[in-house]
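Residue-level structural notes
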Amino acid sequence: MSTATAVAHPNIALVKYWGKADADLALPATGSVSMGLDVFPTTTTVTLVDGQEARDALVLNGHVAEAGALIRVQRFLDLVRELAGSTARALVESTNEVPTGAGLASSASGFAALATAAAAAYGLDLSERDLSRLARRGSGSATRSIPGGVSVWHAGDDQGSYAETIPAPAMAMVVVTIDAGPKAIGSREAMRQTIATSPFYPAWVTSTTETVEDMLAACAAGDFTRVGELTESNALRMHATIEGSFPPIRYLNARSVAVFDAVAALRAAGTEAYATADAGPNVVVLTRPEDRGAVATALSGFGDVIESGTGPAARVVRSEGTGEHQHPDQKESAE
């Protein structure tokens, strides 16, 4: 049977995605802009399995995944099978180097890698745009991990909501991992709660739509300073909107805020750096490539620090036909 392996990288939003216009189709309430990282890759292999007794299986970081994760992957594979006109089940084996559920876009790299590998394994010949649309159905932010580089995710209908690479100034990021553990409240639930209860959410939608246009103009002009200013402002607006939920949801902790303060101090001292944070306590700092070493050194006391350049597009690294593949449960019983 067919097997394919793909690699994808996470992305960090410069203009955030927070809230769906259509949950079933994973359509965003607004567009967003992101920068792909060249660290924390996810490598995923999808192998089709034959037989009436065959069933989908998920092995994550060497362990058979819990039922909830498997169900989410099965639903995604059903979309791929529908496109391919196939009923074949699949074994999905994934290694994720980014901490899962810590607000560092693990679902982005995870579902981008799964979409890329599954499309190849099931014999789909998808354009980058269509692959981005497919990845969106697994995780909204995965849309932006397909093209790589700096990309814009367009809001719109099912056909029009995809990500594509855009011109941008040279940029780097410094990831400050304050807490690699899972979040108490996942992004999906927090989004639903924010939409339902935060009085700031309508203003978030209108202001973010404007910020996307401003960010696209800044990127096209190669204006790094404006890109940085918009990035930090948009992150703080998102967290303020989330904290306005009832009951409040607070992702940033005291150490997170201390990193934002340290980044402001770097700017005041002459090093351009701008802080952002997704839905979690960890902070990512946008800077110029030539300054990333100095920024990393300055922030090393706040947590584990990793430097990153601009990441590549998701890609297939191996695709071939194989014989019958052993199910992970069979492996365990044979040991």
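Up top is the structure.
Summarised in this report is the structure supplied together with it.

Here is what the cut-offs are and how they apply
In this convention, every chain numbers its residues from 1, walking through the sequence in written order. Local features in a predicted model are, by the rule used here, given only for residues with pLDDT of at least 70; side-chain atom pairs are given and counted only at 80 or more, and totals for whole chains, interfaces and linings are based on all residues. Values shown for side chains rest on all heavy atoms present in the structure; no hydrogens or waters enter the calculation. Working definition: helices are DSSP H or I runs of at least four residues, strands are E runs of at least two. Numbering for both runs from the N terminus. Burial classes follow relative accessibility: with a 1.4 Å probe on protein chains only, a residue under 20% of its type's maximum area counts as buried, one over 50% as exposed, and anything between as partly exposed. Contacts described as polar in this section are N or O atom pairs within 3.5 Å, which, within protein, must combine one atom able to donate a hydrogen with one able to accept it, while residues neighboring in sequence count only if both atoms come from side chains. Only heavy atoms enter the contact rule, under which two residues are in contact if any of them lie within 4.5 Å. When DSSP finds at least two bridges between two strands, those strands are taken to pair. Each C-beta atom gives one direction from the helix axis, and the arc is the one those directions make. Side-chain atoms within 4.5 Å are what join buried Ala, Val, Leu, Ile, Met, Phe, Trp, Tyr and Cys residues into a set we call a nonpolar core. Here the axes come from fitting lines to C-alpha atoms, over the contacting stretch only for helices, and the angles between their N-to-C directions go from 0 to 180 degrees.

1. Some points on the side chain of Thr276
Within the element layout of this structure, Thr276 appears in strand E13 (residues 273-276). For Thr276, a relative accessible area of 1% gives the class buried. Of the polar contacts made by the side chain of Thr276, one reaches the side chain of Lys16; its length is 2.9 Å. Discounting chain neighbours no more than four positions away, the residues touching Thr276 are Ile12, Ala13, Lys16, Thr231, Ala235, Phe260, Asn282, Val283 and Val284.

2. Some words on the pairing of strand E2 (residues 11-15)
Within E2, five of the five residues are buried, which leaves the element mostly enclosed by the surrounding structure. Taken together, the four bridges between E2 and strand E5 (residues 32-36) define a ladder with antiparallel strand orientation. When the sheet's bridge partners are listed, Ala13 is paired in E5 with Ser34.

3. What about helix H5 (residues 187-197)?
Inspection of H5 places Ala190, Met191, Gln193 and Thr194 among the buried residues, and these make up the whole buried set. Taken end-on, H5 shows its buried residues confined to a sector of 170°, consistent with a single buried face. The exposed set on the far side of H5, more than 90 degrees from its buried face, consists of Arg192 and Ala196. Summarising the contacts, the buried residues of H5 are in contact with strand E3 (20-22), helix H6 (201-221) and helix H7 (224-243).

4. Some points on unusual backbone geometry
The step from Phe246 to Pro247 runs through a cis peptide bond, and the omega angle for that step is -5°. With respect to the element layout, Pro247 can be found in the loop between H7 and helix H8 (254-268). One non-glycine residue, Ala26, lies in the positive phi region at around 55°. Following the sequence through the fold, Ala26 ends up in the loop between E3 and strand E4 (27-28). With relative accessibility at 6%, the residue Ala26 sits in the buried group.

5. Overview of the nonpolar core
One finds Val46, Leu77 and Leu114 to be the most contacted residues of the largest nonpolar core, which totals 31 residues. Of all the secondary-structure elements, those providing two or more residues to this core are strand E1 (2-8), strand E6 (42-49), helix H1 (67-84), strand E9 (89-96), helix H2 (106-121) and helix H3 (128-138). No other element matches H2, which puts nine residues into this core. Sequence-distant contacts of Val46, that is, excluding residues within four places in its chain, are made with Ser2, Thr3, Ala4, Ala90, Leu91, Val92, Leu114, Ala117, Ala118 and Ala121. Counting 25 residues, the second-largest nonpolar core is a separate cluster that includes Leu14, Val98, Met171 and Met173.

6. Quick look at the environment of Ala135
Looking at the element boundaries, Ala135 is found in helix H3. The exposure class of Ala135 is buried, given its relative accessible area of 0%. Residues Ala135 and Arg255, spaced 120 residues apart in sequence, show a C-alpha to C-alpha distance of 33 Å. When near neighbours in sequence (up to four residues on either side) are disregarded, Ala135 contacts Phe76, Phe111, Ala112, Ala115, Ala142, Thr143 and Ile146.

7. Observations regarding the sheet that holds E1
Spatial ordering of the open sheet is given by E8-E7-E9-E6-E1-E16, a layout of six strands whose pairing is mixed. Where the open sheet ends on each side, the last strands, each with one partner, are strand E8 (63-64) and strand E16 (315-321). Relative to E16, E1 runs antiparallel, the two sharing six bridges. In the sheet register, Ser2 faces E16, and the bridge partner there is Gly321. Most of the contacts of H1 go to E9, to which it runs at about 125°, and overall it touches strand E7 (57-60) and E9.

Purely geometric stuff here, so don't read any function into it on its own.
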